[in-house]
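# Summary of structural features
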Amino acid sequence: MNDHTRAGGDGPSTVRRWLATIDDAPGPPAPPGPTISTRPSTLAGPPTPAGTADCPCRDWATSGAMSLTGHASGPPVLSPASAVPLLRAAASALQPLGAALAHPVRVDPLALLTGRAGALGLTRHGRLSAGGATRLLRAADGWCAVSLSRADDLELLPALLGRTDVDDPWRALTRAVRRIPAGDLAERAQMLGIPAAGLPPAPSVPPTPWRVKRIAPSARPVPGRRPLVVDLSSLWAGPLCADLLHQAGARVIKVESTRRPDGTRNGKRLFYDWLHAGHESVAVDFTTREGRTALAALIDAADVVIEASRPRALRQLGVAPEQRTHRPGKVWLAITGYGRAHPDRVAFGDDAAVAGGLVGWTGGEPVLCADAVADPLTGLVAGLGALASLATGGGHLIDVAMREVVAAFTGGPPLAAHTVHGDNGAWSVHCPRLRQTHAVRSPLPPQPRGTAGELGADTVRVLDEVAASRR
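Here we take up the overall build of the protein chain. Check the secondary structure of the protein chain and you find 15 helices and 15 strands. Looking at the protein chain as a whole, 53% of its 471 residues are labelled buried. Excluding contacts between residues fewer than 6 apart, the proportion of contacts in the protein chain whose partners are at least 24 apart in sequence is 77%. Accessible surface, the protein chain as shown: approximately 19400 Å² in total, 51% of it carbon and sulfur.

Below, the structure written as structure tokens:
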């Protein structure tokens, strides 16, 4: 059996194994009613169209992901493409789960990976991320990814380096890292709150990309009732999860702090619209008693809560899952870099990808893969878990760790040898198994389904509605 066949054949069975953990979460069983099981026979999903998954080389090349991987002055890199069959299997499983809610969710999983790059016109830069905030640095014993995307990260850099004369942050860090083992540097950076990760020599593949526990009894779904999703997340992974639920028929309310709204609002509008069109917008001041009261009321009213905060941040606001009493059927989706068992470790899309072992390789050395690839992978997986929970009656806390998600997609067999050709910037890849040559395409801009609402556009109406429902 060749590598392509092994990778593609394992995708559906792997996703079924993930989904079975939702059914097997300890606690009261779902009451009789129109729920569906996440057992393999039930969630096989529609068959993949003939020829779609036959060639991961073609899929990776035509999606735009390959053009984002590799050095700017060299050829694009194919090596992570073994993740494609699992991606397609996860996307296929969304369809019956969405249909059980209201609408089948049909997405192109490869287009999800490159949506931001297409919206922002990003290109590959080797060991500098496409977005420019993360670098893959050579350490004393391997490679380490460090993200300096926030002002706080730059302010903490002197403490990490043990010196105050840091004129050029990246130059100073690059020099210092060469004398430090990758794991030690990542640990020191994480202690300061700087996102960093060593590249594992051989990442272990987790049995599932999430941990599930029961926080409430299951509930019988009410036919025709749209689940209410309160989305407290920002950036990419959480909003993508929320949008997948929206496509399945859920009502999504995005909740932001008036003092610190989602940073993607300040970027190119196309990316924000792609993830948020059709969602309602509520903005409150979390530092005030009124704001915290409104936040708690929204969370208590929600059927699904999506959040991507450090656990202590929610505890300080009094709205952590362990601080609330959950009615039957509640689903709480927690997205973090390393899972709730590691509450102080932070991650962004590119360094989390390195932590999970997903990089490209060229000349025997790693390069960053695609664009913040851990974010869209995590958003897709989180949406899958949330829909599976709703389909079985809910009552779950689903703890999704970005590193574990990436490692799950990294564990497939390597692709067979391939050849990349280029002429005047036009690249192509030759698949030896199928004896086909495929053009390497740039990412395409995403196609939003509409325009997202302005910050807080629905605050008064939604809060009045929630208050009326509590009387």
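Another point: helix H15 (residues 459–469). Residues lying three or four places apart along an α-helix face the same way, a consequence of the helix completing one turn every 3.6 residues. All of the buried residues along H15 are Thr459, Val462 and Val466. Each buried residue of H15 sits inside an arc of 80° when the element is viewed along its axis, so together they form one side. Buried-residue contacts for H15 involve strand S6 (251–257), strand S7 (280–284) and helix H10 (289–301).

A separate point is the packing of aromatic side chains. For any pair of aromatic rings, geometry is given as the distance between the ring centres together with the angle between the planes. Using the criterion set out here, one finds 4 aromatic pairs in the structure. Ring geometry for Trp18 against Trp210: centres 6.3 Å apart, planes inclined by 70°, an arrangement best described as edge-to-face. Of this pair, Trp18 sits in helix H1 (residues 3–23) while Trp210 sits in strand S4 (residues 210–214), placing them 192 residues apart in sequence. With relative accessibility at 0%, the residue Trp18 sits in the buried group. Using a relative accessible area of 4% as the deciding quantity, one classes Trp210 as buried. Measuring from ring centre to ring centre gives 6.0 Å for Phe271 and Trp274, while their planes differ by 45°; the resulting arrangement is tilted. Of this pair, Phe271 and Trp274 both sit in helix H9 (residues 269–276), 3 residues apart, roughly one helical turn. Taking relative accessible area as the criterion, Trp274 reaches 11% and is therefore assigned buried. Through successive ring pairs, a cluster of aromatic residues spans Trp18, Trp210 and Phe409. Positioned above the aromatic ring of Tyr338, the side-chain terminus of Arg345 is 4.6 Å from the ring centre.

Turning our eyes to something else, we now look at the sheet that holds strand S14 (residues 426–431). Reading across the sheet, the 3 strands line up as S13-S14-S15 and stay open at both edges, with antiparallel pairing between neighbours. What marks the edges here is a single partner per strand, and that holds for strand S13 (419–423) and strand S15 (436–439). Within this sheet the neighbouring strands show an average axis-to-axis angle of 25°, counted without direction.

What follows concerns the pattern of salt bridges. All chains considered together, the criterion is met by 25 salt bridges. With a closest N to O distance of 2.7 Å, Asp300 and Arg324 form a salt bridge. Highlighted residues: Asp300 in helix H10 and Arg324 in the loop between helix H11 (311–317) and strand S9 (331–336), separated in sequence by 24 residues. Using a relative accessible area of 24% as the deciding quantity, one classes Asp300 as partly exposed. Of the residues examined, Arg324 reaches a relative accessible area of 21% and is grouped as partly exposed. The partner of Asp458 in a salt bridge is Arg461, with the nearest N and O atoms 2.9 Å apart. Under the relative-accessibility criterion, Asp458 is labelled buried at 17%. Since its relative accessible area comes to 42%, Arg461 is described here as partly exposed. One network of salt bridges, in which partners are shared, links Arg251, Glu280, Asp458, Arg461 and Glu465.

Time to look at unusual backbone geometry. Positive phi is not limited to glycine here, since Ala372 has a value of about 45°. Relative to the helices and strands, Ala372 is located in the loop between strand S11 (365–368) and helix H13 (374–391). In this model, Arg435 sits at a positive phi of 55°, which is unusual for a non-glycine residue. With respect to the secondary-structure elements, Arg435 resides in the loop between S14 and S15.

Time to look at the pairing of S15. Bridge count between S14 and S15: 4 bridges; the pairing is antiparallel. Each residue of the ladder has a partner; that of Val429, found in S15, is His438. Hairpin connection from S14 to S15: 4 residues lie between these consecutive antiparallel strands, with Arg435 at a positive phi of about 55°.

Overall, mixed pairing links the 7 strands, which are arranged S4-S12-S9-S8-S5-S6-S7 in an open sheet. The open sheet has two edge strands, S4 and S7, and neither has a second partner. Each strand of the sheet is rotated relative to its neighbour by a mean of 20°, with strand direction disregarded. Sheet topology note: the S4/strand S12 (residues 396–401) ladder contains 5 bridges and is antiparallel. Pairing of Arg211 across the sheet is with Asp399, part of S12. Strand contacts of H10: strand S5 (228–231), S6, S7, strand S8 (304–307) and S9, with the helix running at about 145° to S7, the strand carrying the most contacts.

Parameters and conventions
Residues numbered from 1 in each chain as written. Predicted model: local features only at pLDDT ≥ 70, side-chain atom pairs only at ≥ 80, totals over all residues. Heavy atoms only, no water. Helix = DSSP H or I, 4+ residues; strand = E, 2+ residues; numbered from the N terminus. Buried < 20%, exposed > 50% of the residue type's maximum accessible area, 1.4 Å probe, protein only. Contact = heavy atoms within 4.5 Å. Areas by Shrake-Rupley, 256 points an atom, 1.4 Å probe, with all protein chains shown as cover. Arc of directions from axis to C-beta. Phe/Tyr/Trp six-rings, centres within 6.5 Å; stacked < 30°, edge-to-face > 60°. Lys NZ or Arg CZ within 6 Å of the ring centre and 35° of its normal. Pairing = 2+ DSSP bridges. Axes fitted to C-alpha atoms, helices over the stretch in contact; angles between N-to-C directions. Salt bridge = Lys/Arg side-chain N within 4 Å of Asp/Glu carboxyl O.

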